[in-house]
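Listed below, chain by chain, are the residues.
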Amino acid sequence: MLRKEHKQFLQSLQQRQEVQAVLVLPDHVKVPPFYERAGYLVVVNGAQNQAGVRQVITEEKVIWEQKVSAWELEKGLVQGLDEKLVTWLQRGEVLWDKDDFIYRLRQRLSKLPESLQKRMLFKEYSRLLHAFQETRDYLQEGMVLDAYHALLKALYVWAKWIVFRAGEQPESALWTQVKNLDPSVYKLYEELTLNHEELEKRIELILLPMDFFLSSRLKESVRYLLEVMETRTSPWKLHELAEHTAIGEFGIELSLLIEKMVQRSLVCETICMNTDDQQSREIGYIPSK
């Protein structure tokens, strides 16, 4: 229920022509940072860079207003939404919704498009593979705390992969979400962070199921990359893939992933002549038939 002291604030928002919708979080739903005062999400029409936070005093009560553009939300439905925004949109109480914008957005948010799902599975798998390798390298060098930090990052990325595969969008309380979707991975997170066994031993034990996951889910996770590679018949050089418009936005280091795909015979290596220097050759990659 809307607080009495905030009715005037809501009325002022409704009078602003650019305001598309207003949401408030129920007291039991928290989005970091955990403000004690009430918070509102204000969706506005206008330029892309409409995001921002401001504090408002109304009847001697301080509230905060998180502003986001409708354009940013529409873009997020195609490319992936920030976890905090997902929590706002799915769990916030709608106080004002011009033209049913939030209603229609929630309907679209409830079913993750297959195209976005493939993109995000590829992205999170690639990040997981990199964090896994980083963890193992640190451990081999005896840098246990660095390995622990890298493994925490790997588990977080693994959790996001699980959520996307379930057809959902990750929320800010990610581990609460994953606990329901895949209790086994949640248990690994607990084992790493709460178990009192020697840290190095904990890391080694978690790397084993993570390694198995990376091997068993490789083909499923790289469908997006393979589809990009299949758009032409000539081999792809590593930098061409990294700079491709459909790949470059992720900022992913592809060499480790491509190497694993070669090992599993998902792509084949070939030699490409360098047009600028006929004496040099470069490795290219084509999808296996």
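Check the entry above for the structure.
In this report, we go over the structure that sits alongside the text. (Residues numbered from 1 in each chain as written. Predicted model: local features only at pLDDT ≥ 70, side-chain atom pairs only at ≥ 80, totals over all residues. Heavy atoms only, no water.)

**Quick look at the sheet that holds strand S7 (residues 267-273)**
Ordered in space as S6-S8-S7, the three strands form an open sheet in which the pairing is antiparallel. Either end of the sheet is taken by a strand with one partner, and the two such strands are strand S6 (236-237) and S7. With seven bridges joining them, S7 and strand S8 (residues 281-287) adopt antiparallel strand pairing. When the sheet's bridge partners are listed, Ile-271 is paired in S8 with Ile-283. (Pairing = 2+ DSSP bridges. Helix = DSSP H or I, 4+ residues; strand = E, 2+ residues; numbered from the N terminus.)

**Let's talk about unusual backbone geometry**
Unusually for a residue other than glycine, Asp-100 sits at a positive phi of about 55°. With respect to the secondary-structure elements, Asp-100 resides in the loop between strand S5 (93-97) and helix H4 (101-109). Judged by its relative accessible area of 44%, Asp-100 falls in the partly exposed class. For Ser-265, which is not glycine, the phi torsion reads 60° and is therefore positive. Structurally, Ser-265 is set in the loop between helix H14 (255-263) and S7. (Buried < 20%, exposed > 50% of the residue type's maximum accessible area, 1.4 Å probe, protein only.)

**Examining the pairing of S8**
In this structure, S6 lies alongside S8, joined through two bridges in antiparallel fashion. In the sheet register, Trp-236 faces S8, and the bridge partner there is Tyr-285.

**Regarding the packing of aromatic side chains**
In the structure shown here, the tally under the stated rule is seven aromatic pairs. Relative to Tyr-186, the ring of Trp-175 lies with its centre 6.4 Å away and its plane at 55°, an arrangement referred to as tilted. With Trp-175 in helix H7 (residues 174-181) and Tyr-186 in helix H8 (residues 183-194), the pair connects residues that are 11 residues apart, well separated along the chain. Taking the relative accessible area as the measure of exposure, Trp-175 reaches 14% and is therefore buried. A residue is classified by how much of its surface remains accessible, and Tyr-186, at 18% relative accessible area, is buried. Here Trp-175 and Tyr-189 contribute two aromatic rings whose centre-to-centre distance is 4.1 Å and whose plane-to-plane angle is 10°, an arrangement assigned as stacked. Remark: Tyr-189 occurs in helix H8 and Trp-175 occurs in helix H7; sequence separation between them is 14 residues. Taken together, the ring pairs connect Phe-122, Tyr-224 and Phe-250 into an aromatic cluster. The residue whose ring lies beneath Arg-232 is Trp-236, and the NZ or CZ to ring-centre distance is 3.9 Å. (Phe/Tyr/Trp six-rings, centres within 6.5 Å; stacked < 30°, edge-to-face > 60°. Lys NZ or Arg CZ within 6 Å of the ring centre and 35° of its normal.)

**Remarks on the nonpolar core**
Of all hydrophobic cores here, the largest spans 56 residues; its most connected members are Phe-122, Trp-158, Met-210, Leu-225, Leu-257 and Met-261. At the level of secondary structure, the elements contributing two or more residues to this core comprise helix H5 (114-140), helix H6 (144-165), H7, H8, helix H9 (199-216), helix H11 (223-229), helix H13 (245-248) and H14. In terms of residue count, the dominant contributor to this core is H6 (11 residues). In this structure Leu-257 touches Phe-122, Tyr-125, Ser-126, Leu-129, Leu-218, Val-222 and Leu-225, once residues within four positions along its chain are discounted. (Core = buried A, V, L, I, M, F, W, Y, C linked by side-chain atoms within 4.5 Å. Contact = heavy atoms within 4.5 Å.)

**Considering the environment of Phe-9**
Along the chain, the position of Phe-9 falls in helix H1 (residues 7-14). Once the C-alpha coordinates of Phe-9 and Ile-63 are considered, the two residues, 54 residues apart in sequence, prove to be 9.4 Å apart.

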